[in-house]
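# Close look at the chain arrangement
So the chains spell out like this:
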Amino acid sequence: MLRSLTHLALGDLPHAASAFGRAWSEAPETGSDVRVFLDEGAPMSRLLEHVAAGGAGQGAGTVAREAARGLLDRLHRGNTSGDGSGLVSPLSSRERDVLRLLDSELTGPEIARELFITVNTLRTHTKHIFAKLGVSTRARAVRRSREDDLLGDRQR
């Protein structure tokens, strides 16, 4: 994947497309392969547009073109996890439990006691939640979860 971005930066689109095709064919089929590509941002998006349009000539095959189209579709929908949430990676059930309690008056140690986990484990869950939601504070995490109805309990 990095090789494809290097070729792209050098203006060598055929080799960039070919390297993308190889990277895609070697990616593990776990669902996390999507994030590896889409986390590269605008440069990867440009390459995906090029490959999906068939502008790669012999550089990328049909599988690469279809992969690029699928990745672009997810990128344009803002969904890189495949679960419809718009998150890069879906929240685990435990992270959802933590997020529900973050939306309360409980302190961190109180949340940890409520969930029968250590404060350090709570911090780890919280860091993962913040990263997945793209936020840096408890208030923003709660706001984002309400805006996107991530807990399935929209209150209107």
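First things first, this report covers the structure right here in the doc. Within each chain, residue numbers correspond to sequence positions counted from 1 in written order. At least 70 in pLDDT is required for a residue's local features to be given in this predicted model, at least 80 for side-chain atom pairs to be given and counted, and no such filter applies to totals for whole chains, interfaces and linings, which use all residues. Water and hydrogen atoms play no part in the side-chain values, which are based on all heavy atoms of the structure.

## Some points on the environment of Leu48
We count it as follows: Working definition: helices are DSSP H or I runs of at least four residues, strands are E runs of at least two. Numbering for both runs from the N terminus. Whether two residues are in contact is decided by their heavy atoms: any pair within 4.5 Å suffices.
In this fold, Leu48 is placed in helix α4 (residues 42–52). With residues near it in sequence (within four places) discarded, Leu48 still touches Phe20, Leu38, Ala68, Leu71 and Leu72.

## A word on the nonpolar core
We count it as follows: Take the buried residues of types Ala, Val, Leu, Ile, Met, Phe, Trp, Tyr and Cys, join any two whose side-chain atoms come within 4.5 Å, and each joined set is a nonpolar core. Think of it in three bands: with a 1.4 Å probe and only protein chains considered, a residue is buried below 20% of the maximum accessible area for its type, exposed above 50%, and partly exposed in between.
Ranked by size, the top nonpolar core spans 20 residues in total, and within it Phe20, Phe37, Met44, Leu47, Leu48, Val51 and Leu71 carry the most contacts. Looking at this core, the elements with two or more residues in it are α1 (2–9), α2 (13–26), α3 (33–38), α4 and α5 (62–77). In this structure, Leu47 is in contact with Ser4, Leu8, Ala16, Ala17 and Phe20, ignoring residues within four places of it in sequence. Residues Leu91, Leu99, Phe130 and Leu151 belong to the second largest nonpolar core, which totals 18 residues.

## Comments concerning α4
Turning to α4, its buried residues number three or more, namely Met44, Ser45, Leu47, Leu48, His50, Val51 and Ala52. Looking one or two residues past α4, Gly54 carries a phi angle of roughly 80 degrees, positive in sign.

## Comments concerning α1
Rule in force here: This arc corresponds to the set of directions leading from the helix axis out to the C-beta atoms.
For α1, the full list of buried residues reads Ser4, Leu5, His7 and Leu8. Buried residues along α1 cover an arc of 160 degrees about the axis, so they all sit on one side. Set apart from the buried face of α1 by more than 90 degrees, the exposed residues are Leu2, Arg3 and Ala9. On the buried face of α1, the contacting elements are α2 and α4. Two residues or fewer past α1, Gly11 is found with a positive phi of approximately 85 degrees.

## Brief notes about the packing of helix α6 (residues 93–102) against helix α7 (residues 108–115)
Rules: Under this scheme, a helix contributes an axis fitted over its contacting stretch, all axes are lines through C-alpha atoms, and angles between N-to-C directions fall in the 0 to 180 degree range. By definition in this entry, angles of less than 35 degrees are roughly parallel, angles greater than 145 are roughly antiparallel, angles of 65 to 115 are roughly perpendicular, and the rest are oblique. Each crossing is labelled by how the near helix is turned from the far one, with a counterclockwise turn of less than a right angle marking it left-handed and a clockwise turn marking it right-handed. Side-chain classes are defined by residue name, with Ala, Val, Leu, Ile, Met, Phe, Trp, Tyr, Cys and Pro counting as nonpolar, Asp, Glu, Lys and Arg as charged, and the others, Gly among them, as polar.
It is the contact of α6 with α7, at a shortest axis distance of 10 Å, that shows an interaxial angle of 135 degrees. When the axes of α6 and α7 are compared, the pair comes out oblique. In terms of crossing hand, the pair formed by α6 and α7 is right-handed. Residues Arg94, Asp97, Val98, Leu101 and Leu102 of α6 pack against Ile111, Glu114 and Leu115 of α7. In the contact of α6 with α7, the residues fall into five nonpolar, no polar and three charged.

## Some remarks on the environment of Thr121
The criterion, for reference: Under the rule applied, a polar contact is a pair of N or O atoms within 3.5 Å (in protein, one hydrogen donor and one hydrogen acceptor; residues adjacent in sequence only if both atoms are side-chain atoms).
With respect to the secondary-structure elements, Thr121 resides in helix α8 (residues 119–133). At a separation of 2.9 Å, a polar atom in the side chain of Thr121 contacts the side chain of Thr118.

## Some points on unusual backbone geometry
In the Ramachandran plot, Phe116 falls in the positive-phi region, its phi being about 60 degrees despite a non-glycine side chain. As for its position among the elements, Phe116 is in the loop between α7 and α8.

## Some details on the pattern of salt bridges
As a reminder of what qualifies: The working definition used for a salt bridge is a side-chain nitrogen of Lys or Arg within 4 Å of a carboxyl oxygen of Asp or Glu.
Tallying each qualifying case throughout the model produces five salt bridges. With a closest N to O distance of 2.7 Å, Glu95 and Lys132 form a salt bridge. Here Glu95, found in helix α6, pairs with Lys132, found in helix α8; they are 37 residues apart in sequence, far enough to count as distant. Side by side, Glu95 and Lys132 carry an identical accessibility label, which is buried. Asp103 is the partner of Arg146 in a salt bridge, and the nearest nitrogen-oxygen pair spans 2.5 Å. Placement of Arg146 in helix α9 (residues 138–147) and of Asp103 in the loop between α6 and α7 is noted, with a sequence separation of 43 residues between them. What you see here is one network of salt bridges that share partners, running through Arg94, Asp97 and Arg100.

These figures come from the coordinates and say nothing about function on their own.
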